[in-house]
Amino acid sequence: ESAVKALVDSGSLPAEVLEAPLEVSDTKTPEHGDFACNFALVATKKAGMPPRAIGEMLRGQLLSNSEIFREIDLAGPGFLNLKLKPEAISQYVPRVLAAGDDLGKTDLGHGEKWNVEFVSVNPNGPITVGSGRGAAFGDALCRVLDAAGYCVGREYYINDGLNSQQMRLFAQSVRHYYREALGLPTEFPEKGYRGEYVADVSRALLDRAGQSHGDEPTDWFQKASQDLMIDRQRGDLEAARVVFDTWFSEQSMHDSGHVAQQIDRLKEKGEAYYGVRPEGVETDADEQEEVSVGKEALWLRSSSYGDDKDRVLVRSDGRPAYIAADVAYLQNKFDRGFQKLKLILGPDHHGYIGRMYAACRSLGHTAGHEGEFEIIIYQVVRFVKDGKPAPMRKRDGNIYELRDLISELGAASAPDAPLAEQMRIGADVTRFFYLMRSHETHMDFDIDLATKQSDENPVFYAQYAHARICSVLSKAAEAGITPGADNYSLLTHERELGLIKKILDLPFEVGRCVADYGVHRLTTYATELARTYHHFYDQCRVIQPEEPELTKARVSLCEAARIGLAATFSLLGISAPERM
C-alpha cells in the first residue's frame, strides 16, 4: 500500500489505481516465493498502461524502500512473487508468544452490535442431529465474530405463542399420555406427536405435578410441557458446547402488548390493510392463517417489498398470524440496540426469506447481505456408515437426538474412558465434522471416519499435533528450557519459516470467515497448521543440547504453533488436549 501510494505521489501512477483492490496471497508453490500480488493486473485499466510496466515500477519501489525482501520476481503477465528474508519472518515469533490466546483477534468489527439467532426450534422436541449442524455453525460464527471485534448477542427464539397450533398439538399429546398414565379416559389428538420423548415429558410432568392435574386444560399442559422441553433443549445444546446469551419468549411480546403495538404501527404507516381473501386464493398452511373466504383479515403489504404475495397479519377470527410476532420480534431486536441482525435457518426455510425481508423493509429497515437484517441458510447433513446413507432415527421412527450422537461417537472412540471424557471427545468430533464443509453445501457426516483413532480422522490429526507440541514443551521444561529466545534469526529452515507464516495467517482466516460466514475454513486451517507442524518436527530436531540457542528458538516456535492451534480450536469450540 505504501509503495503504490508513493508511486501515485511521484506521478508515476494515476490516483485512480488507489481504487483497485490490493491483495497479497500465498504463492501456488513454495518455489515461487513467500507471497504473490496481482495488483499490476487488476490496476491496468485504471492506470492505462500494461500490467508488466506497473509491475516493474512496483517491484523497483518495493526493493528500494524496504529491507524485508531478498528478491522480487515479475512473473507472467504481471504477477509479483515476493521472497522475504528469513529474519523478516522469524521476527514475528515473539509477537505470537506475546499475543497468546488473543492471536486470532482483530478489531475488524469496531464493537458493532450484532444479534445472531440460531437453532430456535419449536419447544416440542429435543435438539435433533439435523439441527445440530445449525447449532455448530451458529456457535462457531459467533466465536469468529467475537474474535473479529464485534459485540455479539447469541439468541434463541422460543416459539411458545399460545396461538401456535403445533404447540397446542404437542400439549394435547402430552396430556393424552399423562391421562393414560393415570388411567383416565383419553383420546390421542389427530396429527398429534408420538414417540419416546413425548411420553418422557408426560412422565416428568407427572413426577413434578402429581396425580391431581389430569383434568387441567390444554393451556396448562402447553406451558408446563414446553418449560420441561426447553430445559431439555438447553441441556442438549450445552452438551455440544452451545450456550445462548438470551432465550427470548414469543409469548412475552403478546403479553406485553408489543405485537399489538407493531401491528398498529404498520397500519398507521399504511403498510397493512384490511381485506377479504378472494375465492381460489389459498393462504399458507404452515402459517395456520385460516382466513375465511369473504371475511376480512389484516394483511401486510409484503408484495410491495419483494415477497411473492401479501401475508396475513391478523386472521379473520382476530388471532395474530405467525408473521405478526416475527415483525414485532425484528423491531424488538433493533429496539435493544443491535445494529445488524443475523438469522440462521435450516434448509427447509428458503420460503421464509422473501416474507421476512419484506417484513423488515415494511418496518423501515434494510435487508439482505449488506442490509441490517440477513437470513443465512445452512444445507442438509447426511449421515453415512459403511459407505451407505445411515438413517438417523431411533426405534419406532422417533427422531435422533444431538445428545445421542455426541454420546455414541464418544463411546465408540474411547469405550473405556469415563463418561465425561467420552462426552468431551464426542462433542469435539461432532462439532469438527459439522464444520468441515461450507454451510452452503450439502455434507456427508462419515460415522466410521469420525470414530477412527488415526491420522485419517481430521479431528484426531489436528488435536494430536497439539498434544505432540505439549509433550515437546514438557521435555524442554525438564531440561530447563522455556519459550523465549535471544536470537530468532536462527530460524531459517524452510519448514520453520513455513510454520511461522501458517501461524500468522490465523487472524486473516478470521477475517475471511467474517466476509462470507465460511467458518469451515477454520477446520481446514487447523488441519493445515497441524500438517505444517508435523513437517517441521520431522525435519527440524527441536531439543539439541549442542545447539542451545537454536533449541531455545525452536522451543519458542513450538509454543507459537501450540498457541495457533489452541486459538483455532477455541474458535471451533473444541478442546485442546495435552496428551492423547
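Model, not experiment: these values are computed from the prediction.

A. Summary view of the overall build of the protein. Looking only at helices and strands, one finds 22 helices and 15 strands in the protein. Overall, the protein is about 85 × 65 × 40 Å in size when its C-alpha atoms are taken along their principal axes. When burial is assessed residue by residue, the protein has 52% of its 580 residues classed as buried. Taking the contacts inside the protein whose residues are at least 6 apart along the sequence as the reference set, 71% of them involve residues at least 24 apart. Of note, the protein has its 66 positive side-chain charges centred 2 Å away from the centre of its 87 negative side-chain charges.

B. Region of the structure containing the sheet that holds strand β6 (residues 151-158). Strands sit in the order β7-β6-β5-β11-β12 across an open sheet of five strands; the sheet is parallel. Strands with a single pairing partner mark the edges of an open sheet, and in this sheet they are β7 (246-249) and β12 (373-377). Taken pair by pair, the neighbouring strands of this sheet meet at an average axis angle of 25°, ignoring direction. As judged from the five bridges shared by strand β5 (residues 113-117) and β6, these two strands associate in the parallel manner. Across the sheet, the residue bridging to Trp114 is Val152, located in β6. Against the sheet, helix α10 (residues 218-239) makes contact with β6 and β7, and its axis sits at roughly 155° relative to β7, the strand it touches most.

C. View of the nonpolar core. Counting 120 residues, the largest nonpolar core has Leu237, Leu405, Tyr434, Phe445 and Ile503 as its most contacted members. Beyond its immediate stretch of four places on either side in the chain, Tyr434 contacts Val129, Gly132, Arg133, Ala136, Val381, Phe383, Leu402, Leu405, Met443 and Phe445. Counting residues in each nonpolar core, the second largest holds 32 residues, with Leu300, Ala324, Tyr357 and Ala359 among its members.

D. Quick peek at the pattern of salt bridges. Counted according to the given criterion, the structure contains 37 salt bridges. Linking Arg143 and Asp139 is a salt bridge whose minimum nitrogen-to-oxygen distance equals 2.7 Å. Taken as a pair, Arg143 and Asp139 lie in helix α7 (residues 129-147) at a separation of four residues, close to a single helical turn.

E. Quick peek at the pairing of β6. Taken across its eight residues, β6 has seven buried, putting it largely inside the fold. In the classification by handedness, the crossover that spans β5, the intervening α7 and the parallel β6 is right-handed. Of the pairings in the sheet, the one linking β6 to β7 comprises four bridges and is parallel in character. Along β7, the bridge assignment pairs Tyr156 with Trp247.

F. Summary view of the sheet that holds strand β4 (residues 79-84). Spatially, four strands are ordered β1-β2-β4-β3 in an open sheet, and the strand pairing comes out antiparallel. Each edge of the open sheet carries a strand with a single partner, namely β1 (24-26) and β3 (69-75). Each neighbouring strand pair of the sheet contributes to a mean axis angle of 30°, computed without reference to strand direction. In this sheet, β4 lies alongside β3 in antiparallel orientation, the contact comprising six bridges.

G. Examining the environment of Val555 more closely. Positionally, Val555 belongs in helix α22 (residues 548-572). A residue is classified by how much of its surface remains accessible, and Val555, at 1% relative accessible area, is buried. Residues Val555 and Asp236 lie 319 residues apart in sequence; the distance between their C-alpha atoms is 40 Å. Setting aside its immediate chain neighbours within four residues, Val555 contacts Leu473, Ala476, Ile481, Thr482, Pro483 and Val542.

H. Representation of unusual backbone geometry. Despite not being glycine, Ser120 has its phi angle at roughly 45°, a positive value. Position of Ser120 among the secondary structure elements: in the loop between β5 and α7. Given the relative accessible area of 14%, Ser120 is considered buried. The backbone of Tyr517 sits at a positive phi, close to 65°, despite the residue not being glycine. For Tyr517, a relative accessible area of 5% gives the class buried.

Rules used throughout
Residues numbered from 1 in each chain as written. Predicted model: local features only at pLDDT ≥ 70, side-chain atom pairs only at ≥ 80, totals over all residues. Heavy atoms only, no water. Helix = DSSP H or I, 4+ residues; strand = E, 2+ residues; numbered from the N terminus. Buried < 20%, exposed > 50% of the residue type's maximum accessible area, 1.4 Å probe, protein only. Contact = heavy atoms within 4.5 Å. Lys, Arg positive; Asp, Glu negative; His and termini not counted. Charge placed at Lys NZ, Arg CZ, Asp CG, Glu CD. Pairing = 2+ DSSP bridges. Axes fitted to C-alpha atoms, helices over the stretch in contact; angles between N-to-C directions. Core = buried A, V, L, I, M, F, W, Y, C linked by side-chain atoms within 4.5 Å. Salt bridge = Lys/Arg side-chain N within 4 Å of Asp/Glu carboxyl O. Right-handed = clockwise from strand over helix to strand, strands pointing away.

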